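# Breakdown of the fold
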Amino acid sequence: MKKIFIFLFFTLFATSVTDAKTLKIGVASDALSMDPYFKDEVATSSILSNMFDGLVSFDKDLKIHPDLATSWSNPRPTEWILNLRKGIRFHNGNTFNADDVVFSFDRIKHWAKSGFQDKVNMIVSAQKIDDYTVKFITKRPFPVFLKKMTYVKILDKETLKGKSDDWIANHPVGTGPYALLSWSRGDHIAMKANPAYWQGRAPFDELIFKPLSNDPTRVAAILSGEVDLINRVPVTEVKRVKKNSDVRFFEQPGLRLIYLQMDQFRNHSPHMKSPTGKNPFKELKVRQAIYYGINEEGIVKYIMHGFAKPAAQFSPSAVFGSDPAIKRVSYNPKKAKELLAEAGYPDGFDVQIDSPNNRYVQDAQITEAVASSLAKIGIRVSVNAIPKSRFFSQISSLNTSFFLVGWENSDGDLSSMLNACIHSYNEKKGYGRYNYGRFSNAKVDKLIEASADIMQPKKRLHYLQEVQKTALLQEQCIIPLHFQVDLYAAKKTIAFQPRLDGKIWAYDIQPNMKEKQ
């Protein structure tokens, strides 16, 4: 029976080229892996969301809706029951059931390389009740259980059990609207519509993601009609894109914070030279001096061309946990110099700042601007802007003293960043996986962990805001720069609407028949 299903599945895949409708999307960043648990990176998760379903998922406005789970209940404070959708098959014909859910949960929680352990660190176990019912046990009441479950993408246990990490990284088997045809790193990711998709066949027969990290190349692709949609419209090219009568321009206030993090745990940091021989970043006044010493308004105006909002905290107002009382300090190089002198560095110090040059909007240019600002207060900064594949490898090995990075609370809850980037690094508990500066504060940790089981929204909000007041206002654990605005351009022949989480889910994109020629 399974062989018959696979034959029919791939027979339906063999649509003639003349009849096929192909959607081509130019993206600024390639996927890092075909394993949905390898790295918590939006560019990768966005592409893979077209092949993998979750038990629940977000719509474009971050509202929860059922996916492979049809319903759920919370009969006890630490127990969640999820009822699974029947009749679902993976792309290879295997039947989806509770065994796949338990297998997938085990991988996201226990696989040593999982980039999502902090999302499920409050969940103790997933237990099969029957083929279509799963029980999840949490350590304590867990108010954001459903939000965190959106990160659990369902893998095919029958296919993947016993396979190597490398094999899984190159052979995605999901239940989503599209199945992988081919992946040529840096060139394309080609997918074909899943004819048996439970929500109905996708509007396009074939989906191609083309990694176009070079900004002019990406713009040329949409203006020439080579692709139907691009993300990350370069801020310097917005006027040009808007002038094209065949293209629509979209801007969506984003959830991504661009910020600076620094080594706060080593006495001797690898890429700096200070007159004291010690690590200046361990001094609070030095971190505060950097905050005062960066002309963020200038960065937004001249580097981002107005398509960013200066940030004072970890998340924009759309994210639960933001605090309207926290305001950004004004650019004040005089005060910055005073703080440096009080910290024992009147003549500054030398440091290398690391940055990707192909991950965030204007990332290398922002880093250069930061270096220029800090030079005016006596901190001599050399810029090391490199491709994201090398950058993330470098900072994850802690071979850095000072770096620019981004974070998006894509589940609409501040706990995402707090658990991953602000809590002290704790491998056993699954906290601080992306806290590469190793900031550590016992009060902050206690507040973060306590907030996780508070079911009353108002009380929980108070705890999340207290984390920000302690970590940012009192400790200056990071230097917030700005929140990105997500920019897209689409041919008028497709109907596209941007999502709040910045992902591109092709199933929602429709041919615009009114514009077909």
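Remember, it's a predicted structure, so these values are computed and weren't measured experimentally.

Broken down by element type, the chain carries 16 helices and 20 strands. In summary, the chain has a C-alpha radius of gyration of 24 Å against a globular reference of 24 Å for 517 residues, a match within 12%. For the chain, the spread of C-alpha atoms along the principal axes amounts to about 75 × 55 × 40 Å. Within the span of the chain, comprising 517 residues, buried residues form 60% of the whole. Contacts in the chain between residues far apart in sequence, at least 24 positions, make up 70% of those at least 6 positions apart. With an accessible surface of roughly 20,900 Å², the chain has 51% of that area assigned to carbon and sulfur atoms. Of the side chains in the chain, 71 bear a positive and 54 a negative charge, and the two mean positions are spaced by 2 Å.

This next bit is on the domain arrangement of the chain. In terms of domain boundaries, the chain breaks down into domain 1 (19-31 + 176-246 + 492-516), domain 2 (52-165) and domain 3 (254-485). Distance from the C-alpha centre of domain 2 to the C-alpha centre of domain 3: 32 Å. At the junction of the two partners, domain 2 supplies 20 residues and domain 3 supplies 22 residues. Here domain 2 and domain 3 share an interface that buries about 1,700 Å² over both sides, 47% of which is from carbon and sulfur atoms. If you sort the residues of domain 2 by the area they bury against domain 3, Asp118, Asn121 and Pro143 come out on top, with a joint share of 27%. Applying the counting criterion to the domain 2 and domain 3 interface returns three salt bridges. The salt bridge involving Asp411 is made with Lys148; its shortest N-O contact spans 2.7 Å. At the junction of domain 2 and domain 3, the tally comes to ten residue pairs in polar contact (both at pLDDT 80 or more).

To continue, consider the environment of Tyr434. Here Tyr434 lies in the loop between helix 14 (415-422) and helix 15 (442-451). The buried category is assigned to Tyr434, whose relative accessible area is 8%. Once the C-alpha coordinates of Tyr434 and Trp407 are considered, the two residues, 27 residues apart in sequence, prove to be 9.7 Å apart. The residues touching Tyr434, leaving out its near neighbours within four places in the chain, are Lys39, Asp40, Gly115, Gln261, Trp407, Ala420 and Cys421. From its side chain, Tyr434 meets the backbone oxygen of Gly115 in a polar contact 3.0 Å long.

The biggest cluster of nonpolar side chains holds 93 residues, and the ones touching the most others in it are Leu260, Ile290, Phe314 and Ile422. When residues in this core are grouped by element, the largest group, eight residues, is from strand 12 (residues 247-262). Looking at this core, you find at least three residues from each of domain 1 (19-31 + 176-246 + 492-516) and domain 3 (254-485). The contacts of Leu260, once residues within four sequence positions are left out, are Ile290, Ile294, Ile353, Val370, Phe402, Phe403, Leu404, Ile478, Ile479 and Leu481. By size, the runner-up hydrophobic cluster in this structure holds 67 residues, among which are Val56, Ile108, Ile123 and Tyr151.

With that out of the way, let us pick up the pattern of salt bridges. Enumeration over the complete set of coordinates arrives at 29 salt bridges. Lys119 is paired through a salt bridge with Asp40; the nearest N and O atoms lie 3.1 Å apart. Of the two residues, Lys119 is situated in the loop between helix 3 (98-110) and strand 6 (123-130) and Asp40 in the loop between strand 1 (22-27) and helix 2 (42-48); the sequence distance between them amounts to 79 residues. Here Lys119 matches Asp40 in class, with each residue buried.

Attention now goes to unusual backbone geometry. Negative phi values dominate among residues other than glycine, just as trans dominates among peptide bonds. One non-glycine residue with positive phi stands out, namely Arg232, at about 50 degrees. Looking at the element boundaries, Arg232 is found in the loop between strand 11 (229-231) and helix 8 (238-243). In this model, His305 sits at a positive phi of 55 degrees, which is unusual for a non-glycine residue. As for its position among the elements, His305 is in the loop between helix 10 (296-303) and strand 14 (308-310). You can call His305 partly exposed: its relative accessible area is 38%.

Read across the open sheet, the four strands follow the order 4-5-7-6; overall the sheet is antiparallel. Looking at strand neighbours, the two that pair on one side only are strand 4 (69-76) and strand 6, the edges of this open sheet. Mean inter-strand twist for the sheet, computed between neighbouring axes without regard to direction, equals 20 degrees. One ladder, built from five bridges, connects strand 5 (residues 79-84) with strand 7 (residues 133-138); its direction is antiparallel.

Turning our attention to helix 16 (residues 457-474). For helix 16, which comprises 18 residues, the first-to-last C-alpha distance of 25 Å matches the rise-based estimate of 26 Å (1.5 Å per residue) to within 8%. Those residues of helix 16 that are buried lie in contact with helix 14, helix 15 and strand 18 (479-491). Once helix 16 ends, the next one or two residues include Gln476, with phi positive near 45 degrees.

A rise of 1.5 Å per residue sets the reference length of helix 12 (residues 363-375), with its 13 residues, at 18 Å; its end C-alpha atoms lie 19 Å apart and thus fit the reference within 8%. Of the residues making up helix 12, those classed as buried are Asp363, Ala364, Ile366, Thr367, Ala369, Val370, Ala371, Ser373 and Leu374.

Conventions and cut-offs
Residues numbered from 1 in each chain as written. Predicted model: local features only at pLDDT ≥ 70, side-chain atom pairs only at ≥ 80, totals over all residues. Heavy atoms only, no water. Helix = DSSP H or I, 4+ residues; strand = E, 2+ residues; numbered from the N terminus. Rg over C-alpha atoms; globule rule 2.2 N^0.38 Å. Buried < 20%, exposed > 50% of the residue type's maximum accessible area, 1.4 Å probe, protein only. Contact = heavy atoms within 4.5 Å. Areas by Shrake-Rupley, 256 points an atom, 1.4 Å probe, with all protein chains shown as cover. Lys, Arg positive; Asp, Glu negative; His and termini not counted. Charge placed at Lys NZ, Arg CZ, Asp CG, Glu CD. Domains from an automatic or database assignment. Buried area = accessible area lost by both parts, 1.4 Å probe. Salt bridge = Lys/Arg side-chain N within 4 Å of Asp/Glu carboxyl O. Polar contact = N/O pair within 3.5 Å; in protein donor to acceptor, adjacent residues only side chain to side chain. Core = buried A, V, L, I, M, F, W, Y, C linked by side-chain atoms within 4.5 Å. Pairing = 2+ DSSP bridges. Axes fitted to C-alpha atoms, helices over the stretch in contact; angles between N-to-C directions. Expected span 1.5 Å × (residues − 1).

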